[in-house]
Amino acid sequence: MKSKKENLLEFEAVERINETIAYGSCSICNGLFEIELSTGACKYLSLFPDEKIDADRLHAKSVKVRNKIYFIPSAANHIAVVNLETDEIENVELEAVDKDVYEFYKPRFKFSDGILFKDMLILIPSTYPAIIKLNPRNNEIKYEKSWIPNKGFFFRKGTYIFENRFYIPSILDNFVLEYDMQNGRGRQHFIGEKNYGSWSICGEEDNMWLIPKCSGAVTYWNPLNGDVKSYDRYPSGFQGNNFLFTKGYIDGEKLILVPAYANMPVSLSCKTGEMKQIEIFDVGEHTEVGFMFVLDNRYYLRIINKNKSIDTEYVYIDIKDNRIGRYKFFFKDGKNVFFNEYGNEISMHLSAKELSLFGLNEFINYIKNRDGAIDEKQLIHNKSNLYQELLACL
């Protein structure tokens, strides 16, 4: 089990600011943290303003532009801009979405990725109905919507960039978006008869591989010559469990497939199409692997083992040499500031869900310290008011 005393943290948006330090948006609550990369020790810096304090997965990606970091919203309602010189956070507003027009839009999954292309920041949607071009000089935004298919889309964290174009597949069907970042033009492609939805795409130059989320085939595609091939002869004993893979990467002449709910990692020969079970890390029938973020050619993963006493492990894959390492991020510094800010927010809004970092005990301590109810006699004297306040905040 994850230790509450150790206060483990998780991140999906992490950006290096120097050789030893990164900034990250916590994915289990609202919080900007400084991360010591060599140890995993984290220091709380601040809340993201105008966002729910108990919201999870606020940001999908972060991108450093000169002396600022742009946090790309997933569940968050704004683009957050962190000034690295002052740690102040500025919000950039987004255009509201008309759900009657874009029924596929899911507010918890606004954007999936961000790319700094020349002097523009490009925000790639998850379900938000536009690609955004943001000018970092003045934070002016341009919305581009002409590429949207009639059936909608749902993109995840699986972008492939080649020259001035990016490609991203939908998890709903065989739709792949090709977008020219230079001229702002998008093209719709529908690739593979056995492609029922892909989580990501990877490749070398114009040789691309669609990594299946739903039961179906791994699909090879070359957009230059239109060549499409499907590979679904999975190894003996393979079980997809309704969510096959998240990421894939090229290792010499092999494609390595990182499982999500599938019961094994798989390699696919780029020459022969042969698919084999490989040993990267232990997975099984009741294992769920979640992709967290990529940093320095490493895929950071969370592995939930439902049949083991230690139910969550954190590993990374170095995609240059297939080396596996273990990591964990833990809350070390800034806890008092964190507890006070969370307590203040809960008191003002009168409700919040209980977090692993800030539960009922932490809230009781916050109220005791705020009201000066330090000793037992004072706490008993004030227990009626304390009880009523707790009820209002649960």
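The written sequence of each chain sets the order in which its residues are numbered from 1. Thresholds applied to this predicted model are a pLDDT of at least 70 for local features of residues and 80 or more for the giving and counting of side-chain atom pairs; totals over whole chains, interfaces and linings are not thresholded and use all residues. Side-chain metrics in this entry use all non-hydrogen atoms of the structure; hydrogen atoms and water are not considered.

Caption draft 1: View of the confidence of the model for the protein chain. Looking at the protein chain, the pLDDT average stands at 89 and 85% of residues meet or exceed 70. One confidence number per residue, pLDDT, is output by the predictor and ranges from 0 to 100. By definition, residues are in contact when any of their heavy atoms lie within 4.5 Å. The model gives residues 373–384 a pLDDT under 50, and that stretch makes nine contacts with residues more than four places away or in other chains.

Caption draft 2: Layout of the environment of Tyr179. Only runs of H or I of at least four residues qualify as helices and only runs of E of at least two qualify as strands under DSSP, and these elements are numbered from the N terminus. One can find Tyr179 in strand β16 (residues 175–180). Distance from Tyr179 to Ile131, taken between C-alpha atoms, is 9.5 Å for residues 48 residues apart in sequence. Filtering out sequence-adjacent residues up to four positions away, Tyr179 remains in contact with Ile131, Lys133, Glu144, Asn164, Arg165, Phe166, Gly184, Arg185 and Gly186.

Caption draft 3: Broad picture of the sheet that holds strand β17 (residues 185–190). The pairing criterion for strands is at least two bridges between them, as found by DSSP. Here four strands make up an open sheet; going across it, the order is β14-β15-β16-β17 and the pairing antiparallel. A strand with exactly one partner marks an edge of an open sheet, and here the two such strands are β14 (160–162) and β17. Shown here is a sheet whose adjacent strand axes are inclined to one another by a mean of 20 degrees, direction ignored. With six bridges connecting them, β16 and β17 associate as antiparallel partners. Note on β17: the bridge partner recorded for Leu177 is Gln188. Here an angle of 0 to 180 degrees is reported between the N-to-C directions of two axes, which are lines fitted to C-alpha atoms, with helices fitted over the stretch in contact.

Caption draft 4: Here's a closer look at the nonpolar core. We define the nonpolar core as a collection of buried residues of types Ala, Val, Leu, Ile, Met, Phe, Trp, Tyr and Cys that are connected through side-chain atoms lying within 4.5 Å of one another. A simple rule labels every residue: compare its accessible area, found with a 1.4 Å probe on the protein chains alone, to the largest value its type can have, and call it buried under 20%, exposed over 50%, or partly exposed in between. Among the nonpolar cores identified, the biggest contains 34 residues, and Tyr70, Tyr128, Phe166 and Leu177 are the most heavily contacted of them. When contributions to this core are tallied by element, the ones reaching two or more residues are β6 (59–65), β7 (68–73), β8 (78–83), β10 (111–117), β11 (120–125), β12 (131–135), β15 (165–169) and β16. Sorting elements by how many residues they give to this core places β11 first, with four residues. If we ignore the near neighbours within four places in the chain, the residues touching Leu177 are Ile131, Trp147, Phe155, Phe166, Tyr167, Ile168, Gly186 and Arg187. Within the second largest apolar cluster, 24 residues are counted, among which are Val14, Ile53, Phe331 and Phe338.

Caption draft 5: Region of the structure containing the sheet that holds strand β29 (residues 323–326). An order of β26-β27-β28-β29 is seen for the four strands of this open sheet, with the pairing classed as antiparallel. Each edge of the sheet is formed by a strand with only one pairing partner; in this case those strands are β26 (287–295) and β29. Between one strand and the next, the sheet's axes are offset by a mean angle of 30 degrees, whatever the strand orientation. Of the strand pairs in this sheet, strand β27 (residues 298–305) and strand β28 (residues 312–318) are connected by seven bridges, and their pairing is antiparallel. What sits directly across from Arg298, in β28, is Asp318.

Caption draft 6: Seen up close, the pairing of strand β3 (residues 21–26). By the criterion of burial, β3 is predominantly enclosed, with six of the six residues buried. The two faces of β3 match: Ile21, Tyr23 and Ser25 on one face and Ala22, Gly24 and Cys26 on the other face are all buried. Here strand β2 (residues 11–16) runs beside β3; their pairing, made up of five bridges, is antiparallel. Note on β3: the bridge partner recorded for Arg16 is Ala22. The antiparallel pairing of β2 with β3 creates a hairpin that spans four residues between the two strands. Following β3, the chain reverses through five residues before pairing antiparallel with strand β4 (residues 32–36).

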